[in-house]
Every structure is written in structure tokens, then in C-alpha cells.
Amino acid sequence: MKRVFSGVQPTGNLHLGNYLGAIKNWVAMQREYDCLYCIVDLHAITVPQVPGELTDNTREVTAGLMAAGLDPASCIIFNQSRVSGHAELAWLLNCFTPLGWLNRMTQFKEKAGKRRDSALLGLYAYPVLMTADILLYHASAVPVGEDQKQHLELSRDIAGAFNRAYDVDFFPLPEPMIFGAATRVMSLRDGRRKMSKSDGSDYARINLTDDADTLALKIKRAKTDSEPGLAFDPERRPEAANLLSIYAALADEPVERVAAEHTGMGFADFKGRLADLAIETLSPIAARMRELLADPAYIEEVLTDGAERAHAIADANLARARQIMGLLGD
Ligand code: TYM
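On a predicted model such as this, the values are computed, not experimentally measured, just so you know.

Novice: Looking at this structure, I do not really get the overall build of the chain. What am I missing?
Specialist: When its secondary structure is counted, the chain shows 13 helices and five strands. For 330 residues, the compact-globule formula gives about 20 Å, and the C-alpha radius of gyration of the chain, at 21 Å, lands near that figure. On the principal axes, the C-alpha backbone points of the chain span a range of 70 × 45 × 40 Å. Expressed as a percentage of its 330 residues, the buried residues of the chain come to 50%.

Novice: Where do I start with the side chain of N207 in this structure?
Specialist: By secondary structure assignment, the location of N207 is in the loop between β5 (175–177) and α9 (212–221). A relative accessible area of 3% places N207 in the buried class. At a separation of 3.5 Å, a polar atom in the side chain of N207 contacts the side chain of R205. The residues contacting N207, other than those within four sequence positions of it, are N13, L14, H15, D202 and K218.

Novice: Can you walk me through the side chain of Q80 in this structure?
Specialist: Tracing the chain through its elements places Q80 in the loop between β3 (76–79) and α4 (85–94). Here Q80 falls in the buried class, since its relative accessible area comes to 0%. In this structure Q80 touches C38, I39, V40, D41, L42, H43, H86, L129 and D133, once residues within four positions along its chain are discounted.

Novice: Help me out: how do you make sense of the environment of R320 in this one?
Specialist: Secondary-structure assignment places R320 in helix α13 (residues 296–325). Taking the C-alpha atoms as reference, R320 lies 8.9 Å from F170; in sequence the two are 150 residues apart.

Novice: Explain the nonpolar core here, please?
Specialist: Buried together is how nonpolar side chains tend to be arranged in soluble globular proteins. If you look at the biggest cluster of nonpolar residues, it comprises 58 residues, and the most contacted ones within it are L16, Y19, L20, L65, I77, L250 and L282. Per element, the largest residue contribution to this core is ten residues, and it comes from helix α12 (residues 267–293). For L282, the contacting residues outside a window of four places in its chain are L16, Y19, I206, L208, L215 and L250. Within the second largest apolar cluster, 46 residues are counted, among which are F96, L102, L135 and A321.

Novice: Explain the packing of aromatic side chains here, please?
Specialist: What describes a pair of aromatic rings is the distance from one ring centre to the other and the angle between the planes of the rings. Throughout the structure, instances matching the rule amount to eleven aromatic pairs. Feature note: the residues F96, F162, Y166, F170 and F171 constitute an aromatic cluster, connected by ring pairs.

Novice: Before we go on, may I ask you to explain the site of the ligand in this structure?
Specialist: For the ligand, the set of nearby residues contains 27 residues, the closest of which are Q9, Y126, D133, D147 and V185. The separation between a nitrogen atom of the ligand and a polar main-chain atom of G17 is 3.1 Å. In the model, an oxygen atom of the ligand is placed 2.9 Å from a nitrogen or oxygen of the G145 main chain. Contact with the protein chains hides 96% of the accessible area of the ligand, taken as 720 Å² for the molecule alone. Going through the elements one at a time, β1 (3–8), α1 (16–29) and α7 (121–135) are the ones with two or more residues in the shell around the ligand. When the residues that make up the shell around the ligand are grouped by side-chain class, the tally is eleven nonpolar, eleven polar and five charged.

Novice: Just checking my understanding: could you explain α1 for this structure?
Specialist: Since the α-helix turns once every 3.6 residues, residues separated by three or four places project in the same direction. With 14 residues, α1 should cover 20 Å at 1.5 Å per step; its first-to-last C-alpha distance of 19 Å lies within 8% of that length. Where α1 bends most, at A22, the angle is about 40°. α1 sits mainly inside the fold: twelve of its 14 residues count as buried.

Novice: Honestly, the state of the cysteines in this entry has me stumped. Any pointers?
Specialist: Two cysteines form a disulfide when their sulfur atoms are joined by a covalent bond. What the rule picks out here adds up to zero disulfides. C75 takes part in no disulfide bond, and the closest cysteine sulfur, belonging to C35, lies 6.5 Å away. Taking relative accessible area as the criterion, C75 reaches 2% and is therefore assigned buried.

Novice: Looking at this structure, I do not really get the environment of A307. What am I missing?
Specialist: Structurally, A307 is set in helix α13. A residue is classified by how much of its surface remains accessible, and A307, at 5% relative accessible area, is buried. Counting along the chain gives 219 residues from A307 to E88, while the straight-line C-alpha distance between them is 16 Å. Filtering out sequence-adjacent residues up to four positions away, A307 remains in contact with F78, R82 and V83.

Novice: I'm lost on the packing of helix α3 (residues 51–67) against α13 in this one. Help?
Specialist: If you want to describe how two helices pack, look at the angle between their axes and the distance between the axes. Across the interface, α3 lies against α13 with an axial gap of 10 Å and an inter-helix angle of 85°. Between α3 and α13, the angle falls in the class roughly perpendicular. Contacts from R59, T62, A63 and M66 in α3 reach Y298, I299, V302 and L303 in α13. A class-by-class count of the residues in the contact of α3 with α13 yields six nonpolar, one polar and one charged.

Novice: Hey, could you run me through α7 in this one?
Specialist: When the terminal C-alpha atoms of α7 are compared, their 21 Å separation across 15 residues agrees well with the 21 Å that a helix rising 1.5 Å per residue should span. Along α7, 13 of the 15 residues are buried, which leaves the element largely enclosed by surrounding structure.

Calculation criteria
As a convention, each chain's residues are numbered from 1 in the sequence order in which they are written. In keeping with the predicted nature of the model, local features appear solely for residues at pLDDT of at least 70, side-chain atom pairs appear and are counted solely at 80 or more, and the whole-chain, interface and lining totals rest on all residues. Computation of side-chain values covers all heavy atoms of the structure but excludes hydrogens and water. Helix numbers and strand numbers start at the N terminus; a helix is a DSSP run of H or I with at least 4 residues, a strand a run of E with at least 2. Only C-alpha atoms enter the radius of gyration; for comparison, a globular chain is expected to reach 2.2 Å times N to the power 0.38, where N is the number of residues. Whether a residue is buried, partly exposed or exposed follows from its accessible area with a 1.4 Å probe, protein chains only, as a fraction of its type maximum: under 20%, in between, or over 50%, in that order. Pairs of N or O atoms are called polar contacts if they sit within 3.5 Å, as long as, within protein, a hydrogen donor faces a hydrogen acceptor (for residues adjacent in sequence, only side-chain-to-side-chain pairs). Contacts between residues were defined by any pair of non-hydrogen atoms, one from each residue, lying within 4.5 Å. Here the nonpolar core consists of buried residues drawn from Ala, Val, Leu, Ile, Met, Phe, Trp, Tyr and Cys, with membership extended through side-chain atoms lying within 4.5 Å. When the centres of two rings from Phe, Tyr and Trp lie within 6.5 Å, Trp using its six-membered ring, the rings pair. Their planes under 30 degrees apart give stacked, over 60 give edge-to-face, and anything left gives tilted. Put simply, a residue is near a molecule or strand once any heavy atom of it comes within 4 Å of that molecule or strand. Computed with a 1.4 Å probe, the accessible areas rest on the Shrake-Rupley method; for each residue, only the protein chains presented here act as cover. Here the nonpolar group is Ala, Val, Leu, Ile, Met, Phe, Trp, Tyr, Cys and Pro; Asp, Glu, Lys and Arg are the charged ones; every other residue, Gly included, is treated as polar. Helix span is expected to be 1.5 Å times the residue number reduced by one. The bend reported for a residue corresponds to the angle between axes fitted to the seven residues ending at that residue and the seven starting there. Disulfide: a pair of cysteine sulfur atoms within 2.5 Å of each other. An axis is simply a line fitted to the C-alpha atoms; with a helix, the fit covers only the stretch in contact. Between two such axes, the angle follows the N-to-C directions and lies from 0 to 180 degrees. Angular relationships are summarised with four words: roughly parallel below 35 degrees, roughly antiparallel beyond 145, roughly perpendicular across 65 to 115, and oblique for the angles in between.

See below:
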């Protein structure tokens, strides 16, 4: 069966972009494929973290994934640092990754900003660790949001470089799976910027933990444009297009249909409908998340069990990679 791998960082709240761009798709795939979903704590530490907060966030994201519908009986849920093969394979793959490839990564450029010299090596090598995450399990399908596309192209290049170096067909080339009506959810305050955890304003994003009143208020305050009725025109009217795409993804409908049904409708009326739909679909997730977080022992059990199952797959692949490279071991 096709193996699927994807990951999410435990840095703060899960937001609607994570949910619609990735997690909703993970849930849809969990019974059809052999899926591993990883809380990538080793990626989180590429920027400074407060230890206690990292621990809490790891538990919270685990609860969020299950509240959104991931079932540990149908997929493997675990945190990355518990399976040491991620770091080990990342080192091996560092030795097949030219600096020029990493220099092209736009996410690094954005995060490092002008202070490239003080940016950390971990942040720079981040996409190699991401490649290791996927290749460690020989996963070939990777469901992600649009923003991860460049990293996945790099992972294909690195897998190819390894295979060519040893004339083997060992690592499968990872295939990005970017689907659904909202592969790039934009900020509610600026339709040209991505919704993200790091946005200074909480009104820019919808968190999976937001209660009904907060959801309604955030949607009501979402930026609009000055044209009289709605239309789907992402280039010219990004805010309207974003709200329509969010609606379509939440309703599981094609955006074209949602756009056709609401063309010409005023923003205020549409926002009312969107708020109702968001409350109906997201409030049960928030409630379930609170229940799960009240039982940390269960979350611990899921992560421990997930790590054990992940280990078993990882160890065999890592041993084979070592062997191909001529590294002595048992
Ligand atoms: P992260 O934690 O930033 O985001 C997790 C997932 O959510 C998607 N996403 C979005 N989708 C649509 N609109 C948005 N505004 C939005 N914001 C985030 C991301 O595309 C992602 O799928 N590097 C990854 C984690 C990772 C990973 C991996 C993913 C580590 N190793 C291996 C796949 C395979 C990241 O930082 O995701």
C-alpha cells in the first residue's frame, strides 16, 4: 500500500490554514493509505523555543490532530524527536545536498531576513531534515499546503542524488499531494499574505481552539474590498477569493460552485453564512480538543505507541541506507 508521510510543527496553535491545507486531507487519507503523521519538534527548535511551551504545544497539537479526526488505530501519530533515525538520516543526506540547492529556498530567505550571517545552521538545513522525515519511511505521497511545494521539490532532488551516487533505486521520489479548495489560506487581515502562526494579530487567523463568539467576530472583522458584491477573482480581489475558498473547503464543495452561488451577494450577508458554517464545523473540534487535553496520559500513550511503530519502519530503512553507503554496523 502507498505510504504517506506528513508533519506539522508544534509551535503555537493550529490554525485554519493547517487544517484546510493539510490536516483535513490527512484525515481523508488515513484509512486508504499507510499513513504516518508527525509532530515535528526537531523542526520547531530551528527557532528558539521555551522548553515548557514546546512540551505543552506538542501535546496540544497531538490533541488537535485527533480532535480533527485522526485515529491512532488507522494511522501512526508520533513526535519526531522520539525516533532518532530522523536526525541520523538527515546527517547522511546533508552529504548529498549542495549548498546551492539550499540557497534557493524561499522560506529560509524569508525567515532569516537580512541577518543571514546570524541565522542558524539548523534553520538552513531544515529542508534536508524534512527530506529525511519522508525518506526514512520510504513515503511516496506527502499531503501538504501549497507553501511546502518548494521543499518537496528539493526532497526529490536529494533522493535522486542519493540514488544516483550509488546507482540504486532505493529512495522513492516524494510526490506532493496538494488538494482541496483551500491549499493556501490567506490572512483575514491581508488577502495577499499567508495565514500563519507568526502573524502579530490574532485577528489575522482562525485558531482551531477559537470559541464560537471569537470565530464569528474574526470573520465579521475580516478585511473586505470596496466592490459591492462578491466574486471569485484571486488576482484583483484576494480577500473575497479567500473567504469563498474557506467556505468551499469547510463545506467540502468546489470553489467554483460556491462562487457561482454567492456571486453578487454583499460581504455582510456572506460573512454571516461563513460564520455559521465555521462554527458548525470547527466548534466540535475545539470541544473534542479540550476533552483530549484533560487526559494527558492518553496523549502520552498515543505518542509512545506511535513512536514504537514508526521506529520499526525507520530502523529497517536506515540500516539499508547505511549498508548501501558502506557504513559498518550490524
Ligand atoms: P507547518 O507546521 O508550517 O504547517 C503544517 C501544514 O499546514 C500547511 N499550511 C497551510 N496550508 C494552507 N494555507 C496556509 N495558510 C497554511 N499554513 C500552513 C503546511 O503546508 C503544512 O502542510 N515543514 C513543515 C512540516 C514538515 C513536513 C515534513 C511536512 C516537517 N517535515 C515532511 C511534510 C513532510 C511545516 O513547517 O509545516
